[in-house]
Structure formats: C-alpha cells, structure tokens
Amino acid sequence: MNLSDLNDVAVAMVTPGKGILAADESTGTIKKRFDAIKVESTEESRRDYREMLFRSAEGMSYISGVILYDETIWQHGKDGTPLIKLIEQAGSIPGIKVDEGTHPLPFCPGETITTGLDRLADRLTKYYAQGARFAKWRAVIDIGNDIPSMTAIHVNAHALARYAALCQEAQIVPIVEPEVLMDGDHNIDRCYEVTRRVLNEVFRELRVQRVALEGMILKPNMVVPGKKSMKQASVQEVAEKTVRLLKECVPAAVPGIAFLSGGQSDEEATAHLDAMNRIGHLPWRLTFSYGRALQATPQKAWSGKAENLAAGQRAFAHRAHMNGLASLGQWAAELERKAA
Ligand code: 13P
C-alpha cells in the first residue's frame, strides 16, 4: 500500500466546490427509479441514462468522483467510448460499489448484514486494472423499538473495516458508508445517539484492523429526525447536531466526509450541507455523495427520450452546481428560484 497516493486520491475526492455522484444503483434499484418515470430498465436504457450524465460537461465540472455499479464500469457509450473514459475525460475519478447488498442477520429480527467480502480481493484487483481508484460499501442500520442491536452494529462495523483494509491493500480508497436510516418515527436526538454508537464502533473496528484513516472517506447520514417523526428539525438544528456528532466521533486524520442524501428532498440535502459548511473551522472537508438528491430531477427531465438529453443534462448541472456551492457554504435558496 502506498498511503501517500491513497491520500492524494481521497483529498481529490473532496476537492472544494465538488462532490461525488453516486450512480451505483443496483439493477433492482435503478428499475424502481425508472418505473417512477415510466422508462423500461434495460442494459441499453441504463447505459443511455448514465452516459447522459457523464457527458454533461457543466454538471461534471462539480463532480470529483463517480460511484459506478459493476455493469456500468464495463459499458461503452453509443460511439464506443468506454463510460469510464468519459468520467476520466471530464476530470473526475471513477469508483465502484463493491458490496453485494444486505441480507437478514441471523437472530436479529428486522436487521441486516451487508455481504460481499468473499473474493473481494480478486474483484478489487480487476476493478483497479479497469481504472477504479475508490470503492464503496454500504452498511445499513435501522432504528426501531428494539433496534439497532449491539450485534448488528458490531458485525456491520466489522465488515466495513474488513472491506476498507482490503481496498487499501489493493491501492483503492474505501468510502466507508454506515447508513442509519431515516425511515422511522424517531426524533432527531435518537438519530444522534444511534449514529454516535455506530460511528464509534466503526472507527474502533477500523483501528483494530489497521486501516489508515488518511486514505479513506467517510460517508455517513446526517443527524435528522425520522421521516414519520411528529417533530421535524430546522436546517440549523440538523447542521449543528451533525457537526457536533462528527467532531465527537471522526478523527481529524480522515480527509473528508461525503454525506448520503438518504431520502431527503433535493433542496433539504443541499441546504443542510451548506449550513454545515457555514459553521466553519472543521477538521475535515464536508461534501456530498448523493444519489437521489442529484438524480431525481435529471431523471424526470430525461424520461427516457433522446430529445430530452439536453434537458436532463441541464437539470443535472443545476443540482450539481447547487451542491458544489453548498460544499463551500456559498449556496442560497434564491439561486434555486432563479433557476426555476
Ligand atoms: P442517496 O443519496 O440516494 O441516499 O444514495 C447515496 C448512496 O450511495 C447510498 O448508498
């Protein structure tokens, strides 16, 4: 492992004014997104959609890295150019999702473990040869009456650290993603407390397994109330609680934190990131690694029609620009209205 090179990549992934595009929806998930815009999900339609994003010069100017799904990393654009080359030509770093999804965790009703460690070392070698310089693994923790259990937190943190160590050995920067879901009716303080337990266990496992913190990126949830909570939170409260929690749990050696959007609306995800960066004096860079919050509007604008490619690219460029500004603490709600 060359830690200095890993650190260079990690630092580039959180370049000021830029963030990460999570375009790594599995075949099942992208089908759900396409169903919502009445587009049939085929190898070709998935390719056309993602090619549209990667060919958006303006949109990609705010994107430091793109997380790909296995299918996409081997695909070619309509003119035969490998999609991964389009990303590189846009000045962005290609990355790859390497987890194989969640499965029920034995003896822990309602909880899951993320799988994909078997043969991961071989897969990482192939992905590196294909051009991937970072990877992603998502662990999922749900909040409910009797969950999360210590067991689910521990085994998921252990797997995240196993994955991260294997990545660094393969000269790939791991994005470590422990996602505490915002699906329940819990309040913001319960999210704080659960996320703290999760992050503490994740960093404990990373230390035990000798992962170099300078060569990784953390991808956490923000501290937010559950979607069904009676009490929603202001932008300022989310920003302050998230920053306070991260300062408690995330060592300054980590170069950057790139949030998931997790079901927040596009504008909420942008406003929260902006408010955090306005707090300032942070030991790490804070940016976005959004899936839905970057892609919902371009998907709708495109709707599977070749004549809508330019409209899809414009919608993507706008969201990427807004989030790029938020990564600097320079976004303003008026900029959204102006665009509308
Ligand atoms: P969302 O921003 O839609 O939560 O997706 C980010 C991601 O990569 C989840 O693993």
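As the structure is a prediction and not an experimental result, all values here were calculated from the model.

Re the overall build of the protein chain
Along the backbone of the protein chain there are 14 helices and 10 strands. The C-alpha atoms of the protein chain give a radius of gyration of 19 Å, which matches the 20 Å a tight globule of 340 residues would have. Each principal axis of the C-alpha distribution contributes one length, and for the protein chain these read about 50 × 45 × 40 Å. Out of the 340 residues in the protein chain, the part that is buried amounts to 56%. Long-range contacts, defined as pairs at least 24 residues apart, comprise 79% of the intrachain contacts of the protein chain with a sequence gap of at least 6.

A look at the packing of aromatic side chains
Taken as a whole and judged by the stated rule, the model has six aromatic pairs. Each ring, one from Phe34 and one from Tyr49, has its centre 5.7 Å from the other, and the planes form 90 degrees; the classification is edge-to-face. Of this pair, Phe34 sits in helix H2 (residues 27-36) while Tyr49 sits in helix H3 (residues 43-54), and the two are 15 residues apart along the sequence. Each member of the pair, Phe34 as well as Tyr49, carries the same accessibility label: buried. When the centroid spacing of 5.7 Å and the interplanar angle of 40 degrees are considered together, the rings of Phe288 and Tyr290 count as tilted. Take Phe288 and Tyr290: they sit in the same class, and that class is buried.

A closer look at the pattern of salt bridges
This model, assessed by the stated rule, comprises 24 salt bridges. Of the charged contacts in the structure, one is a salt bridge between Lys78 and Asp48, with a shortest N-O distance of 3.2 Å. Of this pair, Lys78 sits in the loop between helix H5 (70-73) and helix H6 (83-89) while Asp48 sits in helix H3, and the two are 30 residues apart along the sequence. Its salt-bridge partner being Glu201, residue Arg204 comes within 3.2 Å of it at the nearest N-O pair. In this pair, Arg204 and Glu201 are both assigned in helix H9 (residues 188-208), three residues apart and thus about one turn of the helix distant. With relative accessibility at 36%, the residue Arg204 sits in the partly exposed group. Accessibility expressed as a relative area gives 16% for Glu201, which makes it buried. Among the charged side chains, a salt-bridge network with shared partners connects Arg47, Asp48, Glu51, Arg55, Lys78 and Asp79.

Thoughts on the packing of H9 against helix H10 (residues 235-249)
Remark: H9 packs on H10, axes separated minimally by 10 Å, with the N-to-C direction vectors making an angle of 25 degrees. If you check the angle between H9 and H10, you find them roughly parallel. Taken as a pair, H9 and H10 cross one another with a handedness that is right-handed. Across the interface between the two elements, Ile188, Asp189, Tyr192, Thr195, Arg196, Leu199, Asn200 and Phe203 of H9 pack against Glu237, Val238, Lys241, Arg244, Leu245, Leu246, Glu248 and Cys249 of H10.

Cut-offs and rules
- Residues numbered from 1 in each chain as written.
- Predicted model: local features only at pLDDT ≥ 70, side-chain atom pairs only at ≥ 80, totals over all residues.
- Heavy atoms only, no water.
- Helix = DSSP H or I, 4+ residues; strand = E, 2+ residues; numbered from the N terminus.
- Rg over C-alpha atoms; globule rule 2.2 N^0.38 Å.
- Buried < 20%, exposed > 50% of the residue type's maximum accessible area, 1.4 Å probe, protein only.
- Contact = heavy atoms within 4.5 Å.
- Phe/Tyr/Trp six-rings, centres within 6.5 Å; stacked < 30°, edge-to-face > 60°.
- Salt bridge = Lys/Arg side-chain N within 4 Å of Asp/Glu carboxyl O.
- Axes fitted to C-alpha atoms, helices over the stretch in contact; angles between N-to-C directions.
- Parallel < 35°, antiparallel > 145°, perpendicular 65-115°, else oblique.
- Left-handed = near helix turned anticlockwise from the far one by under 90°.

Everything listed is a geometric property; what it means functionally is a separate question.
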